[in-house]
Amino acid sequence: MNVSTPDNALPESENKSQDQRQRYPVICIDGPSGAGKGTVTWRLAQALGYQLLDSGALYRIVGLKAFEAGLIKPGADVECEIDGLKLLKLTQSLEIDFIPNNESGRVDILVNGEAVGEKVRNETVGGYASQVAVFPEVRTALLKLQQDMATRSGLVADGRDMGTVVFPNADVKVFLTASAKARAERRVAQLLNAGQEADFEAIFTTIKARDARDENRTTAPSKPAEDALLLDSSVLDADTVYHQVKKHCQERGVFFDY
Ligand code: DC
């Protein structure tokens with residue numbers, strides 16, 4: 001598997017530990033879906049001129065491709081037996097490009113040269129992602145390429161295991177959470193705003209099931225690093241979260257021009 005970003009023409013160091021390879025500042029923003037990680041990650045990356053790693057997108061791509069290859073049954077959280085060997089081969093065969101899009105405030109994703117766009121962002125693919133993320137083979141296949149992103153420029157990394165496994169020596173670690181109820185309410189509001197139907201109970205149940213899977217898996221479960229700043233966005237608005245994270249970054253020696 002190969003992931004490219006606009007800066008990857010710069011030299012990479014092969015076969016070194018994460019400690020040796022990490023030369024630029026790394027900020028990790030971990031926590032469950034819907035807590036507001038994406039917003040704070042994007043704002044930090046813009047303010048600092050750092051690259052952005054949306055690690056959830058990597059798992060979503062593997063989930064989508066596994067579904068398209070017939071390795072996952074249709075339906076977001078229909079538990080099924082997945083063939084680990086086939087899943088690993090598929091993961092290794094993917095070529096992924098991340099291209100920041102200033103207009104949308106997100107990163108455009110190309111997989112094997114094809115734009116996957118919003119296809120990976122929906123709830124169903126989120127469920128596939130959560131299922132493939134349980135496999136240690138998949139996590140190992142994705143590990144080095146995530147770490148390599150910190151050898152090219154400063155990085156803001158969004159995920160579940162950024163501070164615990166992928167960048168244990170990161171300069172800044174934040175765990176941003178929110179209650180399942182608050183996240184479900186936000187999701188309902190988003191869907192209704194977009195003119196779509198929204199069933200609170202169904203969304204609430206899915207969020208709790210996915211949290212349980214992500215938190216209880218054996219490999220790299222979703223949890224705060226011991227040295228992470230804990231923030232709860234059920235009681236803080238997005239602007240306050242950003243300013244608290246920014247202040248924490250400054251206290252940890254990461255400086256902002258504005
Ligand atoms: O952040 P997200 O909703 O895009 O993540 C989708 C799924 O991917 C999530 O349920 C768990 C998995 N994931 C992971 O296991 N480790 C990460 N670093 C990021 C995401």
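Residues numbered from 1 in each chain as written. Predicted model: local features only at pLDDT ≥ 70, side-chain atom pairs only at ≥ 80, totals over all residues. Heavy atoms only, no water.

### Observations concerning the site of the ligand
At step 1: Within the structure, the ligand sits among 16 residues, and Ser-33, Arg-60, Arg-139, Asp-214 and Arg-217 are positioned closest to it.
At step 2: Between the ligand and the protein, one listed contact pairs an oxygen atom with a side-chain N or O atom of Ser-33 at 2.6 Å.
At step 3: At 2.6 Å from an oxygen atom of the ligand is found a side-chain nitrogen or oxygen belonging to Arg-60.
At step 4: Within the complex, 94% of the 440 Å² of free accessible area of the ligand lies under protein.
At step 5: Looking at which element gives the most residues to the shell around the ligand, the answer is helix H3 (residues 55–68), with four residues.
At step 6: Looking at the shell around the ligand residue by residue, the classes come out as four nonpolar, five polar and seven charged. (Near = heavy atom within 4 Å. Polar contact = N/O pair within 3.5 Å; in protein donor to acceptor, adjacent residues only side chain to side chain. Areas by Shrake-Rupley, 256 points an atom, 1.4 Å probe, with all protein chains shown as cover. Helix = DSSP H or I, 4+ residues; strand = E, 2+ residues; numbered from the N terminus. Nonpolar A, V, L, I, M, F, W, Y, C, P; charged D, E, K, R; others polar.)

### Quick notes on the pairing of strand E3 (residues 51–54)
Two faces belong to every sheet, and in a regular strand the side chains alternate between them.
At step 1: Covered by surrounding structure in E3 are Gln-51 and Leu-53 together with Leu-52 and Asp-54, the residues of both alternating faces.
At step 2: The sheet contact formed by E3 and strand E7 (residues 155–159) spans four bridges and is parallel. Across the sheet, residue Asp-54 finds its bridge partner in E7, namely Asp-158. (Buried < 20%, exposed > 50% of the residue type's maximum accessible area, 1.4 Å probe, protein only. Pairing = 2+ DSSP bridges.)

### Details of the environment of Ala-35
At step 1: Its location among the elements puts Ala-35 in the loop between strand E2 (26–30) and helix H2 (37–48).
At step 2: Ala-35 gets classed as buried once you look at its relative accessible area, which sits at 3%.
At step 3: As a C-alpha pair, Ala-35 and Val-165 span 130 residues in sequence and 20 Å in three-dimensional space.
At step 4: If sequence neighbours within four positions are ignored, Ala-35 has contacts with Leu-176, Thr-177, Ala-178, Arg-183, Arg-186 and Ser-233. (Contact = heavy atoms within 4.5 Å.)

### With respect to the packing of aromatic side chains
At step 1: Taken as a whole and judged by the stated rule, the model has two aromatic pairs.
At step 2: On the basis of an interplanar angle of 15° and a centroid distance of 4.8 Å, the ring pair of Phe-67 and Tyr-128 is categorised as stacked. Note that Phe-67 is positioned in helix H3 and Tyr-128 in helix H5 (residues 123–132), a separation of 61 residues in sequence.
At step 3: Given a relative accessible area of 29%, Phe-67 falls into the partly exposed group.
At step 4: Its guanidinium or amino end placed over the ring of Tyr-242, Arg-43 lies 3.9 Å from that ring's centre, counting from NZ or CZ.
At step 5: Geometry around Phe-204 places Lys-208 over its ring, the cationic atom sitting 3.9 Å from the centre. (Phe/Tyr/Trp six-rings, centres within 6.5 Å; stacked < 30°, edge-to-face > 60°. Lys NZ or Arg CZ within 6 Å of the ring centre and 35° of its normal.)

### With respect to the packing of H3 against H5
At step 1: Taken N-terminus to C-terminus, the directions of H3 and H5 make an angle of 100°; their axes are 7 Å apart at the nearest point. Our classification of the angle between H3 and H5 gives roughly perpendicular. Contact residues: H3 offers Tyr-59, Arg-60, Val-62, Gly-63, Leu-64, Ala-66 and Phe-67, while H5 offers Val-125, Gly-126, Tyr-128, Ala-129 and Val-132.
At step 2: The residue inventory of the contact of H3 with H5, partitioned by class, reads nine nonpolar, two polar and one charged. (Axes fitted to C-alpha atoms, helices over the stretch in contact; angles between N-to-C directions. Parallel < 35°, antiparallel > 145°, perpendicular 65-115°, else oblique.)

### Quick word on helix H6 (residues 136–148)
At step 1: With 13 residues, H6 should cover 18 Å at 1.5 Å per step; its first-to-last C-alpha distance of 19 Å lies within 8% of that length.
At step 2: Along its length, H6 shows its largest kink, about 30°, at Leu-142.
At step 3: For H6, the complete set of buried residues consists of Val-138, Arg-139, Leu-142, Leu-145, Gln-146, Gln-147 and Asp-148. (Expected span 1.5 Å × (residues − 1). Bend = angle between axes of the 7 residues up to and from the residue.)

### Some remarks on the sheet that holds strand E1 (residues 2–4)
Strand-to-strand pairing in sheets goes through backbone hydrogen bonds, with the strands running parallel or antiparallel.
At step 1: Spatially, four strands are ordered E1-E4-E5-E6 in an open sheet, and the strand pairing comes out mixed. Strands at the two margins of the open sheet, each flanked by one partner only, are E1 and strand E6 (114–115).

### Concerning the nonpolar core
Nonpolar side chains in soluble globular proteins tend to end up buried together.
At step 1: In terms of nonpolar packing, the biggest core is built from 64 residues, with Ile-27, Leu-44, Leu-87, Ile-109, Phe-167 and Val-245 touching the most fellow members.
At step 2: The greatest single-element share of this core, amounting to seven residues, is contributed by H3.
At step 3: Ignoring sequence-local partners within four residues, the contact set of Leu-44 consists of Ile-27, Ile-29, Val-156, Tyr-242, Val-245, Cys-249 and Phe-256. (Core = buried A, V, L, I, M, F, W, Y, C linked by side-chain atoms within 4.5 Å.)

### Things to note about the pattern of salt bridges
At step 1: Overall, the coordinates contain 16 salt bridges when judged by the stated rule.
At step 2: Arg-43 is the partner of Asp-239 in a salt bridge, and the nearest nitrogen-oxygen pair spans 2.7 Å. Of this pair, Asp-239 sits in helix H10 (residues 238–251) while Arg-43 sits in helix H2, and the two are 196 residues apart along the sequence.
At step 3: A residue is classified by how much of its surface remains accessible, and Arg-43, at 30% relative accessible area, is partly exposed.
At step 4: Close ionic contact of Lys-144 with Asp-148 constitutes a salt bridge, the shortest N to O distance being 2.9 Å. Of the two residues, Lys-144 and Asp-148 are both situated in helix H6; the distance of four residues between them amounts to about one turn of the helix.
At step 5: Owing to a relative accessible area of 29%, Lys-144 belongs among the partly exposed residues under this scheme.
At step 6: Connected through shared salt-bridge partners, Lys-65, Glu-68, Glu-114 and Lys-119 make up one network. (Salt bridge = Lys/Arg side-chain N within 4 Å of Asp/Glu carboxyl O.)

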